[in-house]
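Structural overview
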Amino acid sequence: MSRLEAKKPPLFISEPLTRDAVSQSLSLLSGILKSSYGPAGRLKQLHNGMGGCVCTTSQSSALLGRLSTSQPVLRVLTASVQNHLSRFSDCGLFTAILCCGFIENFRSLNVAPFTIIKISKHLLSLCMDHLKSEACGCRVSVDFSSVETLVCLVRSILTSKPACMLNKTEVDHLTTLILKAFIFTVPCHVETNAVLGKCVIVPLKGRRVADSTVLPGLLIEAPEIQLGKPLAVKRTGSNLIKVALFSVSMSGDGFNPEEGTIAVHHGVSLEMSELNQLLNVGKQLVKDEVGLVMCQRVMHPSLKQFLKENGVIAVDRAGLSLMEPLGRMTGKEPPVASIHSLSPGCYGSLKDLCIESFASKHFLHLIPEDTVICSLILCNRSETAWDELKRVCETAEHVLQLTMKEPLALLGGGCTETHLASYIRYKSSSLPASTFKDLDCSQTQYQLVADGFCRSLESVARSLSHDDGEILTDMVYGHCWFVPSGSPCVSKWSDLISKCGCGMNGNTEDLSWRFLQGHSGSPVVQGCPKEPSVKSADLLTLDCFAAKCSGLQVALETANLILDLSYVIEDQN
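In this text, all values refer to a predicted model and were calculated from it rather than measured experimentally. (Residues numbered from 1 in each chain as written. Predicted model: local features only at pLDDT ≥ 70, side-chain atom pairs only at ≥ 80, totals over all residues. Heavy atoms only, no water.)

Notes on the domain arrangement of the chain
Partitioning the chain into structural domains gives domain 1 (12–137 + 411–570), domain 2 (143–217 + 377–406) and domain 3 (218–253 + 269–370). Taken over C-alpha atoms, the centre of domain 1 sits 27 Å from the centre of domain 2. Each partner contributes to the interface: domain 1 provides 24 residues, whereas domain 2 provides 20 residues. Roughly 1800 Å² of surface becomes buried between domain 1 and domain 2 when both sides are summed, with 59% attributable to carbon and sulfur atoms. There are zero salt bridges connecting domain 1 and domain 2. There are six residue pairs in polar contact (both at pLDDT 80 or more) connecting domain 1 and domain 2. Looking at the side of domain 1 that touches domain 2, the elements that each hand over two or more residues are β3 (51–57), α2 (60–66), α3 (72–88), β19 (542–544) and α15 (545–563). (Domains from an automatic or database assignment. Contact = heavy atoms within 4.5 Å. Buried area = accessible area lost by both parts, 1.4 Å probe. Salt bridge = Lys/Arg side-chain N within 4 Å of Asp/Glu carboxyl O. Polar contact = N/O pair within 3.5 Å; in protein donor to acceptor, adjacent residues only side chain to side chain. Helix = DSSP H or I, 4+ residues; strand = E, 2+ residues; numbered from the N terminus.)

In structure tokens form, the structure reads like this:
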């Protein structure tokens, strides 16, 4: 008998943020995330110590999902950002970088954490009130009757991930496809509780991005389909194709020993009994004039052959992921879960069925009566670039869905962050004394926390520059401006910069630029940052309103939670 070890007592770590190991890990994570941020972000290659596939990415969902950390503080931070991404898909790097900035700037203040938390929550409320007001200078309304703003929004998402390896022509092509796919998913007949459809991504790796396309309905890969032969499909009297969807296995091995014992009479074959039951189902399908049978799992070869001989197209191994869009498209949810009873109302329908060929792959193209499901045939030259592009396209689709629910966008390119910082500096310098009394803090404490809050926002904007060029902000609109690296010294900044980071403002007026260094003691903007007189421009860089507002809140709430940690208790057993 092996010797039993005595249980070790738990490890108590007091004031974890004061530990060098935690500070170094936080600084390292912040550096990794900042260097990945934006269109010029540096790519990261991740793989585990045991080998396996290598992931090349600059996307937060891929980075945080593959980075392992032993520090409980960092696990809190990454889990919080991943939860944000599960709900919004976008602004993960923004959230993580901002959270690291809040922690770094707040913990260096000689102010009690409880006071910092109260003041920062008040600053957050000022930001949210401003973002939700009509007078907000970094907010753009999205008009769904026109595609210009939507194009800018999708293009901004595509160009923010350099691992996709896209040129301008490819970005324009994919932007059009993503918008077309999204429009397909919007129901034509608006109901009280309208539900958006789904875009299913079909992979074609090793092909040109320009070969990508969108088709209404679903593409189901069917290698056994032979080209050149006409596809004869049974139709009903109304010229529709009746469809049967099965989520249950039709392989003939339905007996599971774990479910109990079956008594079989001498001379009776269990396998033949199962097969006969399946063939009876096939006869019922033929009798009910079903033209297409889709099975989530495996279908017995004899059943497939029987259906084929009777003019019924049978497809198995459809997979769980396709069952929901199949049910939605054919109008029959949920799919049939038992082979022992088929009711007349268990069938769906399709408008048409045909064969499509892309590269060396053959597909059945299922065309519905009302298109709310579509297929995006997505191509890219390499597997690595395709994987990144798939994640980006899924993000773009989710962002468009969020934008339809709340038709607003925020200016990108660092301009929202610097604008909010300018606004907070303006507001915090003119608060009444009653505010400090309500927060139980001094004006000095409030200004210290407000300055740390603003520097954290500005650090996100600074993270967009990776070539050591100068970064400016103007004193009129509070927007962010990037000076190209290696630019000569000039007397006027307008000779070097033509547009701000988001593309909204040009250099046609004197905007009184200043350096965006992020150190304490930055000059306060004279007056509230103005709203641009014209909120439209070609090639605007935009961010998702809902995702960025959530990211701002998640970043501060997570930072406050970490700042408030007094002990970390680790089980050592």
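Section: the pattern of salt bridges
Under the criterion given, the structure shown has 19 salt bridges. For Asp-211, the salt bridge is made with Arg-207, and the minimal N-O distance between the two is 3.9 Å. Between Arg-455 and Asp-451 there is a salt bridge, with the nearest N and O atoms lying 2.9 Å from each other. You can see Arg-455 and its partner Asp-451 sitting in helix α14 (residues 443–462), four residues apart, about one turn around the helix. Summarising the burial analysis for this pair, Arg-455 and Asp-451 share the class buried. One continuous salt-bridge network, built from bridges that share partners, spans Arg-425, Asp-451, Arg-455, Glu-458 and Arg-514. (Buried < 20%, exposed > 50% of the residue type's maximum accessible area, 1.4 Å probe, protein only.)

Focus: unusual backbone geometry
Looking along the chain, the bond that leaves Glu-333 and enters Pro-334 is cis, with omega of -5 degrees. Tracing the chain through its elements places Pro-334 in the loop between α10 (320–330) and β11 (348–350). The phi torsion at Arg-317 lies on the positive side, around 55 degrees, for a residue other than glycine. In this structure Arg-317 comes out as exposed when scored by relative accessible area, which is 60%. A positive phi angle, close to 55 degrees, is found at Ala-359, a residue other than glycine. The residue Ala-359 is located in the loop between β12 (352–358) and β13 (361–367) in this model.

A word on the nonpolar core
With 119 residues, the main nonpolar core has Leu-77, Leu-131, Tyr-446 and Leu-552 as its most contacted residues. A domain-level breakdown of this core finds at least three residues from each of domain 1 (12–137 + 411–570) and domain 2 (143–217 + 377–406). The residues touching Tyr-446, leaving out its near neighbours within four places in the chain, are Ile-119, His-122, Leu-123, Leu-126, Ser-428, Leu-431, Phe-436, Leu-439 and Cys-441. Grouped together as the second largest cluster of nonpolar side chains are 24 residues, Ile-313, Leu-322, Met-323 and Leu-350 included. (Core = buried A, V, L, I, M, F, W, Y, C linked by side-chain atoms within 4.5 Å.)

Side note on the environment of His-340
Summarising the element assignment, His-340 is placed in the loop between α10 and β11. Sequence spacing of His-340 and Gln-277 is 63 residues, and the spatial spacing of their C-alpha atoms is 7.9 Å.

Considering the side chain of Ser-251
Topologically, Ser-251 is positioned in the loop between β8 (241–246) and α8 (270–287). With relative accessibility at 19%, the residue Ser-251 sits in the buried group. Polar side-chain contacts of Ser-251 include one of 2.9 Å to the side chain of Ser-249. Residue contacts for Ser-251: discarding those within four places in its chain leaves Leu-278, Val-298, Met-299 and His-300.

As for the packing of helix α12 (residues 415–428) against α14
Interaxial distance between α12 and α14 falls to 8 Å at its minimum, and their mutual angle equals 170 degrees. Taken together, the axes of α12 and α14 lie roughly antiparallel to each other. At the point where α12 passes α14, the crossing takes the left-handed sense. Between α12 and α14, the contacting residues are Glu-417, Thr-418, Leu-420, Ala-421, Ile-424, Arg-425 and Ser-428 on the first element and Tyr-446, Gln-447, Ala-450, Asp-451, Phe-453, Cys-454, Arg-455, Leu-457, Glu-458, Val-460 and Ala-461 on the second. (Axes fitted to C-alpha atoms, helices over the stretch in contact; angles between N-to-C directions. Parallel < 35°, antiparallel > 145°, perpendicular 65-115°, else oblique. Left-handed = near helix turned anticlockwise from the far one by under 90°.)

Here we look at the packing of α3 against helix α4 (residues 92–107)
Interaxial distance between α3 and α4 falls to 9 Å at its minimum, and their mutual angle equals 150 degrees. Remark: the crossing between α3 and α4 carries right-handed chirality. Of the residues in α4, those in contact with Leu-77, Val-81, His-84 and Leu-85 of α3 are Gly-92, Thr-95, Ala-96, Cys-99, Cys-100 and Ile-103. Looking at the contact of α3 with α4 residue by residue, the class counts come to seven nonpolar, three polar and no charged. (Nonpolar A, V, L, I, M, F, W, Y, C, P; charged D, E, K, R; others polar.)

Re the sheet that holds β13
The three strands are arranged β7-β13-β12 in an open sheet whose pairing can be described as antiparallel. Two strands bound the open sheet, and with one partner strand each, they are β7 (218–221) and β12. Shown here is a sheet whose adjacent strand axes are inclined to one another by a mean of 30 degrees, direction ignored. The pairing of β12 with β13 spans seven bridges and is classified as antiparallel. Bridged to Glu-356 within β13 is Phe-363. Here α10 sits on the sheet in contact with β7 and β13, set at roughly 135 degrees to β7. (Pairing = 2+ DSSP bridges.)

Describing the sheet that holds β8
Spatially, β10-β9-β8-β11 is the arrangement adopted by the four strands of the open sheet, whose pairing is mixed. Taken across any chain shown, the strands that pair with only one partner, and hence form the sheet edges, are β10 (313–315) and β11. Neighbouring strand axes in the sheet, compared pairwise and without regard to direction, differ in orientation by 25 degrees on average. For β8 and β11, the ladder comprises three bridges, and the chain directions are antiparallel. What sits directly across from Val-243, in β11, is Gly-348. Packed on one face of the sheet, α10 meets β8, β9 (292–295) and β11 and runs near 150 degrees to β8.

A closer look at helix α6 (residues 148–159)
With 12 residues, α6 should cover 16 Å at 1.5 Å per step; its first-to-last C-alpha distance of 16 Å lies within 8% of that length. Counting buried positions along α6 gives 10 out of 12 residues, so the element sits mostly inside the fold. Inspection of α6 places Thr-149, Leu-150, Val-151, Cys-152, Leu-153, Val-154, Arg-155, Ser-156, Ile-157 and Leu-158 among the buried residues, and these make up the whole buried set. The inward-facing, buried residues of α6 abut β4 (139–141), α7 (168–184), α11 (383–405) and β19. (Expected span 1.5 Å × (residues − 1).)

Observations regarding the state of the cysteines
In this structure the tally under the stated criterion is zero disulfides. Left without a disulfide partner, Cys-100 is nearest to the cysteine sulfur of Cys-99, which lies 5.9 Å away. Residue Cys-100 is classed as buried on the basis of its relative accessible area of 2%. Here Cys-374 is not disulfide-linked; the sulfur of Cys-199 is the nearest cysteine sulfur, at 3.9 Å. Its relative accessible area of 0% is what places Cys-374 among the buried residues. (Disulfide = S-S within 2.5 Å.)

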